[in-house]
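Okay, here's what each chain looks like letter by letter:
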Amino acid sequence: MNTRVIRIDPLVPDAAALIPAAQALRRGEIVAFPTETVYGLGAVWRDPEAVREIFRVKGRPQDNPLIVHEASIGRMRQYFRSWDSVAECLASSFCPGPFTLIMEHKENIDSPVTAGLATIGVRIPAHPVAQMLIELCGEGLAAPSANLSGRPSPTSGADALEDLDGKVPYIIDAGPCEVGVESTIISWVDGKLELLRPGGISAEEILKVLHSQGLNIPLITEDAGRAADHEPPRAPGMKYRHYAPQARVHILRGETEEAKLEQLSRSAAEGILGSRPAFYLSEAIREKAMWILEGQNVVAFELITFTTEQAHKAAAQGLFAAFRAFDRSGCSDIWAEEQSLQQLGAAYMNRLRKASAQQHESLRNDY
Ligand code: TXA
Ligand code: MG
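Fair warning: this is a prediction, and the values are worked out from it, not measured in the lab. (Residues numbered from 1 in each chain as written. Chains lettered and ligands numbered in written order. Predicted model: local features only at pLDDT ≥ 70, side-chain atom pairs only at ≥ 80, totals over all residues. Heavy atoms only, no water.)

Let us now look at the overall build of the chain. For the chain, the count of helices and strands is twelve helices and 15 strands. The C-alpha radius of gyration of the chain comes to 21 Å, within 12% of the 21 Å expected for a compact globule of 367 residues. Over its C-alpha atoms, taken along the principal directions, the chain stretches across nearly 65 × 50 × 40 Å. A separation of at least 24 residues holds for 74% of the contacts in the chain among residues at least 6 apart in sequence. Here the chain has roughly 15800 Å² of accessible surface; of this, 49% comes from carbon and sulfur atoms. Once the 37 positive and 47 negative side-chain charges of the chain are each reduced to a mean point, those two points are 4 Å apart. (Helix = DSSP H or I, 4+ residues; strand = E, 2+ residues; numbered from the N terminus. Rg over C-alpha atoms; globule rule 2.2 N^0.38 Å. Contact = heavy atoms within 4.5 Å. Areas by Shrake-Rupley, 256 points an atom, 1.4 Å probe, with all protein chains shown as cover. Lys, Arg positive; Asp, Glu negative; His and termini not counted. Charge placed at Lys NZ, Arg CZ, Asp CG, Glu CD.)

Written as structure tokens, this is what we have:
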């Protein structure tokens, strides 16, 4: 298949240029498109054959449900069995945005999107191109991240093309994604509010808006959920090893810059950095890190830095792109700097921990 790339300026998106992609979707084909989080691989959610094609092209396990992307809160509500003050509060606060709401779906919803679950996840992307595409289709778009299973999510059109060239008719390229990690997934089922995946909206922000409206519901986080180890994972995708580059991923740990540099120095001295190491560091420690590496005669390495200002956000935004760039240059090991769990730091550390979790390797690959 010949994959056509449609380049769109996200600041002044040209609807006419999107029409061929919207027509392809309406014909039952699948199309990669930008969102503010990561690129998605979309199909009209109502078309079961098209949705199955997403699973096939990604190599995604059948038991892993997809998120539906919608254009408005009014349309989002249509999927759910009921809508209450919690749903209203969350949707009005975070939609459009990097936020997915999972609740019980209406009985008549029968689609491979749900992978047979009684619940469905819906989100409203804030990206103007995604919104325009959904409008042009006139239907919600089922879309997982546009990577092949097991690879990091694509955060640019070029990264989507790397995985999907020859496999889809269109890739809509609107440049790099603003958030860089996937949406926050919140499940609100049977009176339990659970954070299934940290993402672009932090747990603190979610609790703040709920509390401001007198909705004092506890939020069960992934770590609390882990206490019940025997339970099946609540987001089926979380059981797979995801976000993983080919290189081995290590976390450069430490609460202070000095502590991180100390670990770097020790690892270099012990000769355990790897045959061709790569570093993902904040600007703040770049120079000292280079100086340490030089002192230890580590000369062949790759380095990508993120800005120190709003470091959590910058680290999250560039992580998947860095993973892919390091893989392209054939790095053996990636050393990425730890961030505290505030704001986007929680999503960043979640992806980093999963990428470095060698013990999951025996499981089937990601989604
Ligand atoms: O930011 C995002 O959410 C991106 C962009 C493209 O919108 N999409 C994305 O989709 O990350 P995907 O398929 O790569 O990840 C969706 C996750 C999976 O872990 C899946 O198991 C979980 O959401 N999920 C979807 N529906 C679910 C449901 N009904 N119950 C529990 N987990 C669900
Ligand atoms: Mg994914």
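Picking up after the structure, the text goes on.
Attention now moves to helix α7 (residues 203–212). For α7, the full list of buried residues reads Ile206, Val209 and Leu210. Taken around the axis of α7, the buried residues stretch over an arc of 100°, which confines them to a single face. Within α7, the exposed residues directed more than 90 degrees away from the buried face are Lys208 and Ser212. Those residues of α7 hidden inside the fold are in contact with α4 (85–94), β5 (99–104), β9 (184–189), β10 (192–197) and β11 (219–220). Following α7 by one or two positions, Gly214 adopts a phi angle in the positive range, close to 75°. (Buried < 20%, exposed > 50% of the residue type's maximum accessible area, 1.4 Å probe, protein only. Arc of directions from axis to C-beta.)

Let's shift gears to the packing of α4 against α7. Packing of α4 against α7 leaves a shortest axis separation of 10 Å and a crossing angle of 125°. Relative to α7, the element α4 is oriented oblique. In this structure, the crossing between α4 and α7 has a hand that is right-handed. Where α4 approaches α7, its residues Val86, Cys89, Leu90, Ser93 and Phe94 are matched on the opposing element by Glu205, Ile206, Val209 and Leu210. Across the contact of α4 with α7, the residue classes break down as seven nonpolar, one polar and one charged. (Axes fitted to C-alpha atoms, helices over the stretch in contact; angles between N-to-C directions. Parallel < 35°, antiparallel > 145°, perpendicular 65-115°, else oblique. Left-handed = near helix turned anticlockwise from the far one by under 90°. Nonpolar A, V, L, I, M, F, W, Y, C, P; charged D, E, K, R; others polar.)

Along the polypeptide, Lys58 turns up in helix α2 (residues 48–58). As a C-alpha pair, Lys58 and Trp45 span 13 residues in sequence and 16 Å in three-dimensional space.

This next bit is on unusual backbone geometry. With an omega of -5°, the peptide bond between Cys95 and Pro96 qualifies as cis. At Asp190, a position not held by glycine, the phi torsion is positive, near 50°. Here Asp190 shows up in the loop between β9 and β10. On the basis of relative accessible area, Asp190 is assigned to the exposed category, the value being 70%. One non-glycine residue with positive phi stands out, namely Asn297, at about 60°.

The strand order across the open sheet built from eleven strands is β1-β8-β2-β3-β7-β4-β6-β5-β9-β10-β11, with neighbouring strands paired in mixed fashion. Of all strands in the sheet, those with a lone pairing partner are β1 (4–7) and β11, marking the two edges. As defined by bridge partners, strand β3 (residues 40–44) adjoins strand β7 (residues 141–142) across two bridges and the pair is classed as antiparallel. Along β7, the bridge assignment pairs Val44 with Leu141. Packed on one face of the sheet, α4 meets β5, β9 and β10 and runs near 160° to β5. (Pairing = 2+ DSSP bridges.)

Where strand β13 (residues 277–282) meets strand β14 (residues 302–306), five bridges bridge the pair, whose relative direction is parallel. Opposite Leu281, over in β14, you have Thr305 as the bridge partner.

Two elements in contact, helix α9 (residues 257–270) and helix α10 (residues 283–295), have axes whose closest approach is 10 Å; the angle formed by their N-to-C orientations is 25°. Judged by the angle between their axes, α9 and α10 are roughly parallel. The chirality of how α9 crosses α10 is right-handed. On α10, the residues touching Glu257, Leu261, Leu264 and Ser265 of α9 are Ala284, Ile285, Lys288, Ala289, Ile292 and Leu293. Classifying every residue of the contact of α9 with α10 gives seven nonpolar, one polar and two charged.

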